[in-house]
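What follows is the residue order along each chain.
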Amino acid sequence: MGNKIRIGALISGGGSNLRAIMDACEANRIDAMVVFVGSDNPEAKGMSRAKKHGLATFSVDYKAVMEEARGELLESLIPEDFDLQGVLASQHFITSAWNSEKLATHFRTRAIAEAALLREMAPYPFDLLVLAGFMRVLTPYFIDHVNTNPSRPRIMNIHPALLPSFPGVDGYGDTYRYGCKVGGCTVHFVDYGEDTGPIIGQKAFEIKPEDTLEAVREKGLMLEWELYTECIQLFAENRLRVVPKTYTLKNGTRVNKKVVEILAGKRERHRKEVALCT
Ligand code: GAR
């Protein structure tokens, strides 16, 4: 095991992924330590476990922030470094026909909540921020404050579906209701869209005819716990690179995509070197 990376975690609910990550850290199965756990919901069940383990915790009550920010107070609460036009130009998760006023209010109120999150996180420097069942879409305002080196993203999310299928809030439900025969989970870096960032890892499971939605969720969660810790370990070993790729389709259209390349680990490199020498 090498040097430990410092992980910050954001959750909204039960926190079983957080538990898996904390267990892996405490058992030295991954080169990482959790330095804070934050939430958008003061009632999140996962917070009590973090507290029991003596971790720094905080919550920013998004609902209360939204309430407070309504009306006249809004202007005075907006962070000074918030650039509405910049955020609107880079975000790509709201495509609906929202009018400009609704869009502006959405991103302004989010920036107020996100600035509060950033203030709470500030005392705890971290290498990687993991979203572990954090049910808010982070805006470019927050992402740019964390990803200070654009070529080295450092916010990961776990999603309960095989992306790019079924982004959004109910990945297992959407997979199940669609009648899929295979379900799965995905860990990806967070970008300016909703569940659209470069994919780091995925695991899949079979959906049998007799499976209920609960059974699907259970199978999925068990894989999530393995997948998340594996991806965190790849990050800790500095083996993840986000590289731009350009593909030309048959009709001549050029497609640009950022993908994650996983560099060989020490053992794999050693095996290759031995093979070359023999
Ligand atoms: C997990 O299934 C996770 O993939 C999902 O929420 C659940 C949280 O469970 N996340 C999302 O849907 C994010 N869009 P947990 O609180 O027990 O870790």
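The sections below set out a description of the structure shown in this document. (Residues numbered from 1 in each chain as written. Predicted model: local features only at pLDDT ≥ 70, side-chain atom pairs only at ≥ 80, totals over all residues. Heavy atoms only, no water.)

With that out of the way, let us pick up the overall build of the protein. Broken down by element type, the protein carries ten helices and nine strands. The C-alpha atoms of the protein give a radius of gyration of 20 Å, which matches the 19 Å a tight globule of 278 residues would have. Taken along its principal axes, the extent of the C-alpha atoms in the protein is 75 × 55 × 45 Å. Split into buried and exposed, the 278 residues of the protein put 45% on the buried side. A fraction of 66% describes how many contacts in the protein between residues 6 or more apart in sequence connect residues 24 or more apart. Of the accessible surface of the protein, which amounts to about 15200 Å², a share of 53% is contributed by carbon and sulfur atoms. Each charge sign in the protein was given a centre, from 35 positive and 35 negative side chains, and these centres are 7 Å apart. (Helix = DSSP H or I, 4+ residues; strand = E, 2+ residues; numbered from the N terminus. Rg over C-alpha atoms; globule rule 2.2 N^0.38 Å. Buried < 20%, exposed > 50% of the residue type's maximum accessible area, 1.4 Å probe, protein only. Contact = heavy atoms within 4.5 Å. Areas by Shrake-Rupley, 256 points an atom, 1.4 Å probe, with all protein chains shown as cover. Lys, Arg positive; Asp, Glu negative; His and termini not counted. Charge placed at Lys NZ, Arg CZ, Asp CG, Glu CD.)

This part is about the pairing of strand β4 (residues 128-131). On β4, burial covers both faces: L128 and V130 on one face and L129 and L131 on the other are all buried. In terms of strand pairing, strand β1 (residues 5-11) meets β4 through four bridges, oriented parallel. Note on β4: the bridge partner recorded for A9 is V130. Direction of pairing for β4 relative to strand β5 (residues 155-159): parallel, over a ladder of three bridges. Directly across from L129, in β5, lies its bridge partner I155. Taking the sense of rotation as the criterion, the β-α-β connection linking β4, helix α7 (residues 140-146) and β5 turns out right-handed. (Pairing = 2+ DSSP bridges. Right-handed = clockwise from strand over helix to strand, strands pointing away.)

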